[in-house]
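Structural features, examined
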Amino acid sequence: MCKHSSPNVISWAFRMFKGLYAGRRILITGHNGFKGSWLSYWLQELGADIYGLSLPISTRPNHFELLIPNMPGAHIDLADFQTVQDLMCSFQPELVFHLAAQSLVRRSYREPLLTLQSNVMGSANLLQAARACPALKGLVIVSSDKCYQNQEWPWGYRENEALGGHDPYSTSKACTELLVNCWRDSFFNPGTMQKPPLLASARAGNVIGGGDWAEDRIVPSLIGSAIGNESVNLRSPKALRPWQHVLEALSAYLLLGQKMLEGDGTVAQAWNFGPDDNQPISVLKMAESLQKHWPKINFTCQPEPDAPHEAHILRLDSSKARLLLQWHPVWDAEQTFARCANWYRHYYEKGELSTADDLQEYCRQAKQKGLAWTL
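Heads up: these notes are all about the structure in this document. (Residues numbered from 1 in each chain as written. Predicted model: local features only at pLDDT ≥ 70, side-chain atom pairs only at ≥ 80, totals over all residues. Heavy atoms only, no water.)

A word on the overall build of the chain
What counts, and what does not: Secondary structure elements follow DSSP: runs of H or I no shorter than four residues count as helices, runs of E no shorter than two count as strands, and numbering proceeds from the N terminus. With C-alpha atoms as the basis for the radius of gyration, the globule rule is written as 2.2 Å multiplied by the number of residues raised to the power 0.38. Only protein chains enter the accessibility calculation, which uses a 1.4 Å probe; a residue whose area is less than 20% of its type maximum is buried, one above 50% is exposed, and one in between is partly exposed.
Along the backbone of the chain there are twelve helices and 15 strands. For 375 residues, the compact-globule estimate of 2.2 N^0.38 gives 21 Å, and the C-alpha radius of gyration of the chain, at 20 Å, lies within 12% of that figure. Oriented by its inertia axes, the alpha-carbon framework of the chain measures out at about 60 × 45 × 40 Å. Looking at the 375 residues of the chain, the share that counts as buried comes to 57%.

Okay, structure coming up:
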């Protein structure tokens, strides 16, 4: 059994995000997934009363099981509207973070209908069920940078760019964004509800960090090469992506949630959250950086002529979040790659979870930089 490499305590945690999460009823969908497990852990540190909805765990090892296996929750399919509504009405959340999704591009080619059912109808069911929750103050719908109609532009997409998608996964995320706009305009407004909940979508992509064991993702595949002593092939080594640590995205989601708990209606819109780096970084450079911190990682770069289409370049313009939310990343690309590689290395070589260490160090550096959510 793994042990935490530092105490499960952040002494000033309750003061982060103005202390507004302490004692709050927070519902997380997809709580046992990669990002969901990190978010669940952070909210637990903030003193929130959290409840999770998700499908059964599908990977072993599993970050959530290693961290907080006894967190209250239920294994359900969000496509089952009545069950979703019953559970939400029973828990009566004050805030919802919707992370549950079929999140793999290549799987979406194999299972397009499942992807659309999970990501589009699952989101629609959640939004509809939320109408029966009078205590609800806000919903943060976690989206993706792939919701944009990708034109392979060298500059970043802004929130008012056209939505679309070449593959079923990207299309499902574009459709979810349209659902969010529809429910905000049609149902979550003062004309149809008394004190309607605030509804925002958060668009981030290429989130990496320890605890991701999903199939067909590049970082878990590279980690697999280290523990299996075999090489992994980089399908698109020249593809450029805005890599960022999972804690960067989560700090953004939690900041949106804080604003919703404060009743700040200006956050009820779409938001991009991406790294500060002026240029996105290639898959090859990312792999080389991970390898520098764990030399056992081994990879090749061979073209796959029959591989399904994936975007070559994708960037986000996060200037709106910088200006209006005062949100800023904490770690640069090299820190992100180092933290990611060392998390897995400690897990496999020492039997340690570095999750608490990573969160504490991230919060310490954020506080040192004077970021608003730490004050």
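Okay, back to it.
Brief notes about the packing of helix H7 (residues 218-228) against helix H11 (residues 333-350)
Note the cut-off: Axis lines are fitted to C-alpha atoms, over the contacting stretch for helices. Their N-to-C directions set the angle, which ranges from 0 to 180 degrees. To sort the angles, those under 35 degrees are grouped as roughly parallel, those over 145 as roughly antiparallel, those from 65 to 115 as roughly perpendicular, and the leftovers as oblique. Note on convention: near helix rotated counterclockwise from far helix by under a right angle means a left-handed crossing. Clockwise means right-handed. Contact criterion: two residues are considered in contact whenever any of their non-hydrogen atoms come within 4.5 Å of each other. Asp, Glu, Lys and Arg are counted as charged, while Ala, Val, Leu, Ile, Met, Phe, Trp, Tyr, Cys and Pro are counted as nonpolar; the rest, among them Gly, fall into the polar class.
Where H7 contacts H11, the axes come no closer than 11 Å and their chain directions differ by 40°. Classified by the angle between their axes, H7 and H11 sit oblique to one another. In this structure, H7 crosses over H11, and the sense of that crossing is right-handed. Only Cys 340, Tyr 344 and Tyr 348 of H11 make contact with H7, whose side of the interface consists of Val 219, Ile 223 and Ile 227. Split by residue class, the contact of H7 with H11 holds six nonpolar, no polar and no charged.

A look at the environment of Pro 134
Locating Pro 134 in the fold gives a position in the loop between helix H5 (112-130) and strand E6 (138-142). The sequence separation of Pro 134 and Lys 195 amounts to 61 residues, and the corresponding C-alpha distance is 8.4 Å.

Considerations on the environment of Ala 321
Tracing the backbone through its elements, the reader meets Ala 321 in helix H10 (residues 319-325). For Ala 321, a relative accessible area of 0% translates into the label buried. Beyond its immediate stretch of four places on either side in the chain, Ala 321 contacts Trp 271, Asn 272, Phe 273, Gln 326 and Trp 327.

Side note on the pairing of strand E3 (residues 49-54)
Going by this rule: Any two strands between which DSSP finds at least two bridges are classified as paired. Whether a crossover is right-handed depends on one test, that the path from the first strand over the helix to the second runs clockwise when the strands point away from the viewer.
With five of its six residues buried, E3 lies for the most part within the structure. In terms of strand pairing, strand E2 (residues 25-29) meets E3 through five bridges, oriented parallel. What sits directly across from Leu 27, in E3, is Tyr 51. Assessed by its sense of winding, the connection that carries the chain from E2 through helix H1 (residues 34-45) to E3 is right-handed. Here E3 pairs with strand E4 (residues 73-75) via three bridges, running parallel.

Looking at unusual backbone geometry
Cis geometry marks the peptide bond from Arg 60 to Pro 61, where omega comes out at 0°. In the Ramachandran plot, Phe 17 falls in the positive-phi region, its phi being about 55° despite a non-glycine side chain. Position of Phe 17 relative to the elements: it lies in the loop between strand E1 (3-4) and E2. One non-glycine residue, Asn 229, adopts positive backbone phi at about 55°. When you line up the elements, Asn 229 lands in the loop between H7 and strand E9 (232-233).

Here we look at the packing of helix H3 (residues 81-91) against H5
Orientation of H3 relative to H5, taken along the N-to-C sense of each, is 40°, at an axis distance of 9 Å. With respect to H5, the element H3 is oriented oblique. Considering how the two elements wind past one another, H3 and H5 form a crossing that is right-handed. Contacts between H3 and H5 involve Phe 81, Val 84, Gln 85 and Met 88 from the former and Asn 125, Leu 126, Gln 128, Ala 129 and Ala 130 from the latter. The residue inventory of the contact of H3 with H5, partitioned by class, reads six nonpolar, three polar and no charged.

Focus on the environment of Gly 211
Mapped onto the secondary structure, Gly 211 falls in the loop between strand E8 (207-208) and H7. Distance from Gly 211 to Leu 55, taken between C-alpha atoms, is 18 Å for residues 156 residues apart in sequence. Among residues more than four places away in sequence, those in contact with Gly 211 are Phe 34, His 63, Trp 343 and Tyr 344.

What about the sheet that holds E4?
Taking strand neighbours across the sheet as the criterion, the seven strands line up as E4-E3-E2-E5-E6-E7-E12 in an open arrangement whose pairing is parallel. Of all the strands in the sheet, just E4 and strand E12 (270-272) have a single pairing partner and so form its edges. Shown here is a sheet whose adjacent strand axes are inclined to one another by a mean of 15°, direction ignored. By the bridge criterion, three bridges tie strand E7 (residues 198-203) to E12 in an arrangement that is parallel. Each residue of the ladder has a partner; that of Arg 203, found in E12, is Asn 272. Along the sheet, helix H6 (residues 168-186) makes contact with E6, E7 and E12, crossing E7 at roughly 160°. Sheet strands touched by helix H8 (residues 246-261): strand E5 (95-98), E6, E7 and E12. Its angle to E6, the strand with the most contacts, is close to 160°.

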